Amino acid sequence: MGPRAKALRTVGRSLPPPPVQRASSEINRSPVGEKRNITENPGNSLSRTQTPMTAQQNLPADRLPELLRGMPKAELHIHIEGSLEPELIFQMAQRNGLTLPYASVDDLRRAYAFTNLQSFLDIYYAGASVLQTEQDFYDMAWAYLERARADHVVHAEIFFDPQTHTARGVSMQTVIQGLHRACEAARSALGVQARLILCFLRHLSEQDAFETLEQALPYRDQFIGVGLDSSELGHPPEKFAKVFARCRELGLRLVAHAGEEGPPAYVWSALDVLHVERIDHGVQSVKDPELMKRLARDRIPLTVCPLSNLKLCVFPRLADHNLRQLLDAGLAATVNSDDPAYFGGYMNANFTETFAATGLTAAHAYQLARNSFEASFVDAAAKAAYIERLDAFFATFQ
Ligand code: HPA
Ligand code: ZN
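Predicted, not measured: the structure shown is a model, and the values here were computed from it.

Parameters at a glance
Residues numbered from 1 in each chain as written. Chains lettered and ligands numbered in written order. Predicted model: local features only at pLDDT ≥ 70, side-chain atom pairs only at ≥ 80, totals over all residues. Helix = DSSP H or I, 4+ residues; strand = E, 2+ residues; numbered from the N terminus. Buried ≥ 20, exposed ≤ 12 C-beta atoms within 10 Å, placed from the backbone. Contact = placed C-beta atoms within 7 Å. pLDDT = per-residue confidence, 0-100. Axes fitted to C-alpha atoms, helices over the stretch in contact; angles between N-to-C directions. Left-handed = near helix turned anticlockwise from the far one by under 90°. Nonpolar A, V, L, I, M, F, W, Y, C, P; charged D, E, K, R; others polar. Near = placed C-beta within 6 Å. Pairing = 2+ DSSP bridges.

### As for the overall build of the protein
So, step 1. Summing up its helical and strand segments, the protein has 18 helices and 8 strands in all.
So, step 2. Within the span of the protein, comprising 398 residues, buried residues form 47% of the whole.
So, step 3. A separation threshold of at least 6 residues defines the contact pool for the protein, and within that pool the share at least 24 residues apart is 76%.

Structure, rendered in structure tokens:
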């Protein structure tokens, strides 16, 4: 047995981690690998105790990308309209008899130079306007799900923005059925479990959100929850208090974008007014130590999207991203792609580029993948099965 194979045999819940052999600046100071008791959060089924991750701690740096790419993972923050690649935008425009204000795919791609969230949203909504038929929604979701499988995403909770489509005269049925059919097909054909989360556009009124909810309720069994997205600044979560209360009564799972560009106050109100179970982005939370304590104490997952944050200038460089800080503070952070067709990469690109830029380790990889399953909206048995699969991957990776 070679030295690496021997190190791999050290995986196991009861064994202590192997001695750290790297320079002190490289030592993983995160809570990863420590046993920690987590205060239980009602409505949030994250485990109370984190299992130590002892395998792969001595993994050579050049093997880390392969580990990141191959590990099973869940994606919890992906806007399906943000997975629409320029090639597909052009194809759909052509088959639907629409003319785009761009001469070519390359011309469109050149427009993907964003300065903030709003500069992106303007182009994102324009791109989504080519979606007209149920088949268009199916094809868009299928293309994403194939990419997900290639990146070893085994479970995806997918956002969609119905108001972007119903406002153009596309029916709720067309949107939901096209997406849902693709999710169903992915389960058997790709081995990817996919669920839908309906997002309300926060730049529109709460009344509009209520009308959207009404239109979607005939398809209640085809989506698992609701979220809140679009222009954050000036549209705090509390604007949607009543509609989220109604969704809560209906038994829908609740998430909201907060603290992407907006202040920590928006994260507080997403938690305390909307009662969301996860925060999408949440990277601005580091500005408020009390909020950080609350997020850590209640193990509120943050669905962090590093390449999105880079492209929307939330951080000047990927090396400046605060993912490590979030993990070190004991937060249940996860890695996600947000709008991969616009931000330069799907899940594995987010993992490999962020790890390369920030020096995160194999232990962080394990923790992030584990967090993704623990933060997912599946039952306890399915969570345990996903984590077992993750553990088996780390135990046998060589
Ligand atoms: N933030 C807010 N709204 C969005 C995003 C985002 O990152 N992507 C698509 N809609
Ligand atoms: Zn998002």
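### Structural notes on the environment of H275
So, step 1. As for its position among the elements, H275 is in the loop between α11 (264–272) and β6 (278–281).
So, step 2. Residues H275 and A241, 34 residues apart in the sequence, show an inter-C-alpha distance of 9.1 Å.
So, step 3. Apart from residues lying up to four places away in sequence, H275 is in contact with R248 and L254.

### Structural notes on the confidence of the model for the protein
So, step 1. Across the protein, the average pLDDT comes to 89, with 86% of residues at 70 or higher.
So, step 2. This model gives residues 1–52 a pLDDT under 50, and the stretch forms 75 contacts once residues within four places in sequence are excluded.

### Let's talk about the packing of helix α6 (residues 134–150) against helix α8 (residues 172–190)
Pairs of packed helices are described in terms of their axes, by the angle between the two and the distance that separates them.
So, step 1. For the pair α6 and α8, the least separation of the axes is 8 Å and the interaxial angle reads 35°. Relative to α8, α6 is oriented so that their crossing is right-handed. For the pair formed by α6 and α8, the contact residues are E134, Q135, D136, F137, Y138, A141, W142, L145, E146 and R149 on the first element and T174, V175, Q177, G178, L179, R181, A182, C183, A186 and L190 on the second.
So, step 2. Along the lines of polarity and charge, the residues of the contact of α6 with α8 split into 11 nonpolar, 4 polar and 5 charged.

### Considerations on the site of ligand 1
So, step 1. H79, G82, L117, Y124, D229, S230, H257, E260, S308, D338 and D339 make up every residue found near ligand 1.
So, step 2. Class assignment of the residues belonging to the shell around ligand 1 gives a composition of 2 nonpolar, 5 polar and 4 charged.

### Structural notes on the sheet that holds strand β3 (residues 193–201)
Paired through backbone hydrogen bonds, the strands of a sheet run either parallel or antiparallel to each other.
So, step 1. Strand order in the open sheet formed by 8 strands is β1-β2-β3-β4-β5-β6-β7-β8, and the pairing between neighbours is parallel. Looking at strand neighbours, the two that pair on one side only are β1 (73–79) and β8 (333–335), the edges of this open sheet. Each neighbouring strand pair of the sheet contributes to a mean axis angle of 25°, computed without reference to strand direction.
So, step 2. Where strand β4 (residues 225–229) and strand β5 (residues 253–258) come together, 2 bridges link them in parallel fashion. Within β5, the residue paired with G225 across the bridge is R253.
So, step 3. Where helix α16 (residues 347–358) meets the sheet, it contacts β1, β2 (153–160) and β8, and its direction lies at approximately 115° from that of β8.

### Here's the deal with the environment of S231
So, step 1. Mapped onto the secondary structure, S231 falls in the loop between β4 and α10 (241–249).
So, step 2. S231 sits 27 residues away from L204 along the chain, and the two C-alpha atoms are 9.5 Å apart.
So, step 3. If we ignore the near neighbours within four places in the chain, the residues touching S231 are L117, Q118, L121, R202 and H203.

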